[in-house]
Amino acid sequence: MSTIRVVWGTASGPTALASYDAALAEAGVHNYNLVTLSSVIPAGPDIELAGTAPDLGPPGEALEVVQSAATAAPGERVAAGIGWARSEDGPGIFYEVDGTDPDAVREEIREGLAAGRELRDWEFTEETVHVESVAPETTHASAVVIATYGESRPVV
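Residues numbered from 1 in each chain as written. Predicted model: local features only at pLDDT ≥ 70, side-chain atom pairs only at ≥ 80, totals over all residues. Heavy atoms only, no water.

Trainee: So what exactly am I meant to see when it comes to the overall build of the protein chain here?
Mentor: On a plain count of helices and strands, the protein chain comes out with two helices and nine strands. Reading the protein chain from its N end, one meets helices and strands in the order β-α-β-β-β-β-β-β-α-β-β. Its C-alpha atoms give the protein chain a radius of gyration of 15 Å, near enough to 15 Å, the size a compact globule of 156 residues would have. Taken over the C-alpha atoms alone, the protein chain extends approximately 50 × 40 × 20 Å along its principal axes. In the protein chain, buried positions account for 44% of the 156 residues. Counting only contacts in the protein chain whose residues sit at least 6 apart along the sequence, the fraction spanning at least 24 positions is 78%. If you sum the accessible surface of the protein chain, you get close to 7,500 Å²; carbon and sulfur atoms cover 47% of it. Charge separation in the protein chain, taken as the distance between the mean sites of 8 positive and 25 negative side-chain charges, equals 2 Å. (Helix = DSSP H or I, 4+ residues; strand = E, 2+ residues; numbered from the N terminus. Rg over C-alpha atoms; globule rule 2.2 N^0.38 Å. Buried < 20%, exposed > 50% of the residue type's maximum accessible area, 1.4 Å probe, protein only. Contact = heavy atoms within 4.5 Å. Areas by Shrake-Rupley, 256 points an atom, 1.4 Å probe, with all protein chains shown as cover. Lys, Arg positive; Asp, Glu negative; His and termini not counted. Charge placed at Lys NZ, Arg CZ, Asp CG, Glu CD.)

Below is the structure:
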């Protein structure tokens, strides 16, 4: 399997959906149909903190992701984050959280990863957490953190 890339973006827009689309654009995944996966990481692929996705295929194709996304109305704060725990070269888990306080999101991710590790008989050797936050003043704003699995695939 190819690389799992963790990408992120924050952006504002005149509506909630427009700000979400703009945050996806900042992350480089706005031209794909995002297919949400549950949060199990297969053995093998590297996980890369990419920030912005490279070209992952033609527009309109399906892209498999684990996603945390949150949108705020003007004057509110919002945060989205993903964390992962992984065994060395083996399987792992993602845990995705959104909320209003970046520190609370980070803590809930860590708590969720700890609970997920307890459910599995794997020897976990790494843990990483990435959170993005935004506080719009006059427009809607969104924060996204997305783990993209490989390249896109045709929908039809």
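Trainee: Would you mind going over the nonpolar core with me for this structure?
Mentor: Soluble, globular proteins show a tendency: their nonpolar side chains are buried together. Membership of the largest hydrophobic core comes to 13 residues, with the highest contact counts inside it found for Val7, Val29, Leu63, Val144 and Ile146. For this core, the secondary-structure elements that each account for two or more residues are β1 (4–13), α1 (16–27), β5 (62–72) and β9 (140–149). Per-element tally for this core: the top contributor is α1, with three residues. (Core = buried A, V, L, I, M, F, W, Y, C linked by side-chain atoms within 4.5 Å.)

Trainee: Explain the pattern of salt bridges here, please?
Mentor: Side chains that differ in charge, positive against negative, can pair when their charged atoms come close. Counted by the stated rule, this structure contains three salt bridges. We note a salt bridge from Glu64 to Arg153, for which the minimum N-O separation is 3.6 Å. One end of the pair, Glu64, is in strand β5; the other, Arg153, is in the segment after β9, with 89 residues separating them in the sequence. Arg117 serves as the salt-bridge partner of Glu127, at 2.4 Å between the closest nitrogen and oxygen. Here Glu127 is found in strand β8 (residues 124–134), whereas its partner Arg117 is found in helix α2 (residues 102–118), with ten residues between them in sequence. Residue Glu127 is classed as partly exposed on the basis of its relative accessible area, which comes to 35%. Residue Arg117 is classed as partly exposed on the basis of its relative accessible area, which comes to 27%. (Salt bridge = Lys/Arg side-chain N within 4 Å of Asp/Glu carboxyl O.)

Trainee: Mind showing me how you'd approach the environment of Glu126 here?
Mentor: Within the fold, Glu126 resides in strand β8. For Glu126 and Ala70, which are 56 residues apart along the polypeptide, the C-alpha to C-alpha distance reads 26 Å. If we ignore the near neighbours within four places in the chain, the residues touching Glu126 are Trp84, Ala85 and Arg86.

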